[in-house]
Amino acid sequence: MKKTMKKPENLSETTELMVSADYKERFQAEYMQLLIRYNGLKRMLDNWDAGKLKFTPTCSRSIYNYQVKAMKDYLDVLEVRADIENINLNDIQIQVSNHVDGLATNLLDTFDTFLQEKDVSIPCEDDEEENNRAAKIYGMEYYDLLERVKRVLKGN
């Protein structure tokens, strides 16, 4: 019986696939587990950057940065293998894309707040957008920068 993949919320939800006789399901579980751990570490680092950690990390930031990069590289390798071996990760990859989109938007919002604090505006090339400005970075300039940030976060 084929098990259906759903959005993994925690590691315990991957155990059934992890012990499957089907190596593709075990592969999916491995990917889900790594994704859960990666997202957790990224969330911790985001909270660290925002000054919202409720604890003092034991290791230096550079160690955590190295770990999150290694995890991202591992995810990338698994995605390449999945493509070669015809293993469906689409439902899971949507989560990564949504996470990147949200993170990119948060980064731009943080940048916009910084620009407001410094009273600096990025001018809009379009006069109508410039006249209707609602933020320090606005209009197509905002969306162009957002797409660039997404590409960086996705490693492209």
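Residues numbered from 1 in each chain as written. Predicted model: local features only at pLDDT ≥ 70, side-chain atom pairs only at ≥ 80, totals over all residues. Heavy atoms only, no water.

*Asks:* It is not clear to me how the overall build of the protein should be interpreted in this structure. Could you clarify?
*Replies:* Tallying secondary structure elements over the protein gives six helices and zero strands in all. Counting from the amino terminus, helix and strand elements in the protein follow one another as α-α-α-α-α-α. A buried classification covers 32% of the 156 residues belonging to the protein. Within the protein, contacts between residues at least 6 apart in sequence are counted, and of these 54% link residues at least 24 apart. A total of about 10300 Å² of accessible surface is found on the protein, and carbon and sulfur atoms cover 53% of it. (Helix = DSSP H or I, 4+ residues; strand = E, 2+ residues; numbered from the N terminus. Buried < 20%, exposed > 50% of the residue type's maximum accessible area, 1.4 Å probe, protein only. Contact = heavy atoms within 4.5 Å. Areas by Shrake-Rupley, 256 points an atom, 1.4 Å probe, with all protein chains shown as cover.)

*Asks:* Can you walk me through the nonpolar core in this structure?
*Replies:* Among soluble globular proteins, nonpolar side chains are generally buried collectively. Counting 16 residues, the largest nonpolar core has Phe27, Tyr31, Leu41, Leu45 and Leu75 as its most contacted members. When contributions to this core are tallied by element, the ones reaching two or more residues are helix H2 (23–49) and helix H3 (61–85). The contact partners of Leu41, leaving out residues within four places of it in the chain, are Tyr64, Gln67, Val68 and Met71. Core analysis: the next-biggest nonpolar cluster, separate from the first, contains seven residues, Ala104, Ile137, Tyr142 and Val149 among them. (Core = buried A, V, L, I, M, F, W, Y, C linked by side-chain atoms within 4.5 Å.)

*Asks:* I'm lost on the side chain of Ser20 in this one. Help?
*Replies:* Note on placement: Ser20 falls in the loop between helix H1 (15–18) and H2. A distance of 2.5 Å separates the side chain of Ser20 from the side chain of Glu25, its partner in a polar contact. (Polar contact = N/O pair within 3.5 Å; in protein donor to acceptor, adjacent residues only side chain to side chain.)

*Asks:* Just checking my understanding: could you explain the packing of aromatic side chains for this structure?
*Replies:* Aromatic rings in a pair are described by how distant their centres are and how their planes are angled relative to each other. For the coordinates displayed, the defined rule picks out two aromatic pairs. With 5.7 Å between their ring centres and 80 degrees between their planes, Trp48 and Tyr64 make a pair best called edge-to-face. Highlighted residues: Trp48 in helix H2 and Tyr64 in helix H3, separated in sequence by 16 residues. Note on Tyr64: relative accessible area 12%, which makes it buried. (Phe/Tyr/Trp six-rings, centres within 6.5 Å; stacked < 30°, edge-to-face > 60°.)

*Asks:* Just checking my understanding: could you explain the environment of Ala82 for this structure?
*Replies:* Residue placement: Ala82 occurs in helix H3. For Ala82, a relative accessible area of 3% translates into the label buried. Once residues lying within four places of it in the same chain are set aside, the contact partners of Ala82 are Phe27, Ile87 and Leu89.

*Asks:* Looking at this structure, how should I read unusual backbone geometry?
*Replies:* In terms of backbone geometry, most residues other than glycine have negative phi values and most peptide bonds are trans. The backbone of Asn86 sits at a positive phi, close to 60 degrees, despite the residue not being glycine. Tracing the backbone shows Asn86 in the loop between H3 and helix H4 (90–118). Asn86 sits in the exposed class, given a relative accessible area of 61%. Positioned with a positive phi, Asp119 is a non-glycine residue whose angle comes to about 55 degrees. Within the secondary structure layout, Asp119 lies in the loop between H4 and helix H5 (127–131).

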